[in-house]
Amino acid sequence: MVKIVGYSHLWIALGALCSALATMHAYAPLALQDMSTWGIATAIGLGTGVLYTLQRRIKWARMPQNMPVDRRQFIERWFEWVMGIWMIGGLIWLVIFWDGLLPWLTALAGGWPVLLVLLALVSGYASNPFLSQGNGWRDVSRMKLPVIAIAWGLATVWVPGVMSGEGPWEVNLIIRAIAQSTFIAGLTIPFDVRDLQIDPVAMNTVPQRIGQRRAAMIALLLILLSGCFFMVAGNAVAPMVAGACAIPWVVYGRSTRDEWLYSIILDGCLIVQGFVIFFY
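Quick caveat: nothing in here was measured; it's all calculated off a predicted structure. (Residues numbered from 1 in each chain as written. Predicted model: local features only at pLDDT ≥ 70, side-chain atom pairs only at ≥ 80, totals over all residues. Heavy atoms only, no water.)

**Describing the overall build of the chain**
Part 1 of the argument: A count of helical and extended segments in the chain gives 11 helices and 0 strands.
Part 2 of the argument: Ordering the α and β elements of the chain from the N terminus gives α-α-α-α-α-α-α-α-α-α-α.
Part 3 of the argument: Relative to a compact globule of 280 residues, whose C-alpha radius of gyration would be 19 Å, the chain shows 18 Å and is just as compact.
Part 4 of the argument: Over its C-alpha atoms, taken along the principal directions, the chain stretches across nearly 45 × 40 × 35 Å.
Part 5 of the argument: Taking all 280 residues of the chain together, the buried fraction comes to 50%.
Part 6 of the argument: Counting contacts in the chain only where the partners sit at least 6 residues apart, residues at least 24 apart contribute 71% of the total.
Part 7 of the argument: Just so you have it, the chain exposes about 13,200 Å², and 71% of that area is on carbon and sulfur atoms. (Helix = DSSP H or I, 4+ residues; strand = E, 2+ residues; numbered from the N terminus. Rg over C-alpha atoms; globule rule 2.2 N^0.38 Å. Buried < 20%, exposed > 50% of the residue type's maximum accessible area, 1.4 Å probe, protein only. Contact = heavy atoms within 4.5 Å. Areas by Shrake-Rupley, 256 points an atom, 1.4 Å probe, with all protein chains shown as cover.)

This is how it looks when you write it as structure tokens:
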């Protein structure tokens, strides 16, 4: 189960899709009835799956010693199959939503500085042409967490918001993106705790600097802070429920390193948003 949905990045792609749906639902409660909403959300989900798969492959090629053995073996055996499935999904998406592609790109172009930042973050996470020795943003001291958090805030809040008609510089949308980034930062720290034994010391992750227990406290504070930001943004029941679901598992993560907790439960907290907006 973990390998099928976790190592293939299907779970995290669904989390991105549900986060995008929650964003659009916040601005238009009837958005789920609109086909374009699903086009935007599935584009973000597919893009997340593709990028995570590529970045894992780059990490496997550059530093296999910094990956758990079972994940490394999965990439070695199944990368081409997983990538092929993502590509087929992308082609199907193009066939269905081709007519909406140009209007969506035009909307994003209105916020091109933000879009450039997002592209720089996601394209250079594992291997960056602007850094020496092919290093990525994740290899720069203290950069791993903010890069992931900001990229998720922009990709799952700002992008779907703009594509669905919100202004690229709209204050509420920016606050919501900050809230999402803060939540993802809190959700990511337990993964850094899990990876303490394999992450290079030079990465200077939060648990490497302050220890596991303090890192868990920071993670909880960030999740609570994200809830405050979401309250300011309004119409944020789905992400706030996701945050509430994450809190006990972040606490539990201090005493376990089982992969199911990270690849299924913690990533699955993002998927919770989908259930909330369907039933709330």
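So that's the structure; there's more coming.
**Thoughts on the pattern of salt bridges**
Part 1 of the argument: Tallying each qualifying case throughout the model produces 4 salt bridges.
Part 2 of the argument: A salt bridge links Lys144 to Asp192; the shortest N-O distance between them is 3.0 Å. Remark: Asp192 occurs in helix α7 (residues 171-194) and Lys144 occurs in helix α6 (residues 144-163); sequence separation between them is 48 residues. When sorted by exposure, Lys144 lands in the same class as Asp192, which is buried.
Part 3 of the argument: In this structure, a network of salt bridges that share partners links the residues Arg138, Lys144, Asp192 and Asp199. (Salt bridge = Lys/Arg side-chain N within 4 Å of Asp/Glu carboxyl O.)

**As for the packing of aromatic side chains**
Part 1 of the argument: All chains considered together, the criterion is met by 7 aromatic pairs.
Part 2 of the argument: Summarising the aromatic geometry, the rings of Trp93 and Trp104 are spaced 6.0 Å apart at their centres and angled 35 degrees between planes, so their arrangement reads as tilted. A single burial state applies to Trp93 and to Trp104, both of which are buried.
Part 3 of the argument: Here Phe191 and Tyr262 contribute two aromatic rings whose centre-to-centre distance is 5.4 Å and whose plane-to-plane angle is 65 degrees, an arrangement assigned as edge-to-face. Of this pair, Phe191 sits in helix α7 while Tyr262 sits in helix α11 (residues 259-279), placing them 71 residues apart in sequence.
Part 4 of the argument: A residue is classified by how much of its surface remains accessible, and Phe191, at 15% relative accessible area, is buried.
Part 5 of the argument: A residue is classified by how much of its surface remains accessible, and Tyr262, at 0% relative accessible area, is buried.
Part 6 of the argument: Every member of this aromatic cluster is reached through a ring pair, and the members are Trp93, Phe97 and Trp104. (Phe/Tyr/Trp six-rings, centres within 6.5 Å; stacked < 30°, edge-to-face > 60°.)

**Digging into unusual backbone geometry**
Part 1 of the argument: A positive phi angle, near 70 degrees, is found at His9, a position not held by glycine.
Part 2 of the argument: If you trace the backbone, His9 turns up in the loop between α1 (2-7) and α2 (10-27).
Part 3 of the argument: The class of His9 is buried, set by a relative accessible area of 3%.
Part 4 of the argument: Positive phi values are uncommon outside glycine, yet Asn235 reaches one of about 50 degrees.
Part 5 of the argument: Within the secondary structure, Asn235 sits in the loop between α9 (212-233) and α10 (237-252).

**Things to note about the environment of Ala215**
Part 1 of the argument: Tracing the sequence through the fold places Ala215 in helix α9.
Part 2 of the argument: The class for Ala215 is buried, based on a relative accessible area of 0%.
Part 3 of the argument: For the pair formed by Ala215 and Gly186, sequence separation is 29 residues and the distance between their alpha carbons is 9.3 Å.
Part 4 of the argument: The residues touching Ala215, leaving out its near neighbours within four places in the chain, are Ile189, Val193, Val206, Pro207 and Ile210.

**Re the nonpolar core**
Part 1 of the argument: Ranked by internal contacts, the top residues of the largest apolar core, which has 78 residues, are Trp158, Phe183 and Ile189.
Part 2 of the argument: By residue number, the principal contributor to this core is α6, which donates 12 residues.
Part 3 of the argument: Among all residues touching Ile189, those that are not within four sequence positions of it are Leu145, Val206, Ala215, Ile218, Ala219 and Leu222. (Core = buried A, V, L, I, M, F, W, Y, C linked by side-chain atoms within 4.5 Å.)

**Side note on the packing of α2 against α11**
Part 1 of the argument: In the contact formed by α2 and α11, the axes pass within 8 Å of each other and the chain directions differ by 30 degrees. Taken together, the axis directions place α2 and α11 in an arrangement best described as roughly parallel. Crossing angle aside, the handedness with which α2 passes α11 is left-handed. Contacts from Trp11, Ile12, Leu14, Gly15, Cys18, Ser19, Leu21, Ala22 and His25 of α2 reach α11 at Ser263, Ile264, Asp267, Gly268, Leu270, Ile271, Gln273, Gly274 and Ile277.
Part 2 of the argument: A class-by-class count of the residues in the contact of α2 with α11 yields 10 nonpolar, 7 polar and 1 charged. (Axes fitted to C-alpha atoms, helices over the stretch in contact; angles between N-to-C directions. Parallel < 35°, antiparallel > 145°, perpendicular 65-115°, else oblique. Left-handed = near helix turned anticlockwise from the far one by under 90°. Nonpolar A, V, L, I, M, F, W, Y, C, P; charged D, E, K, R; others polar.)

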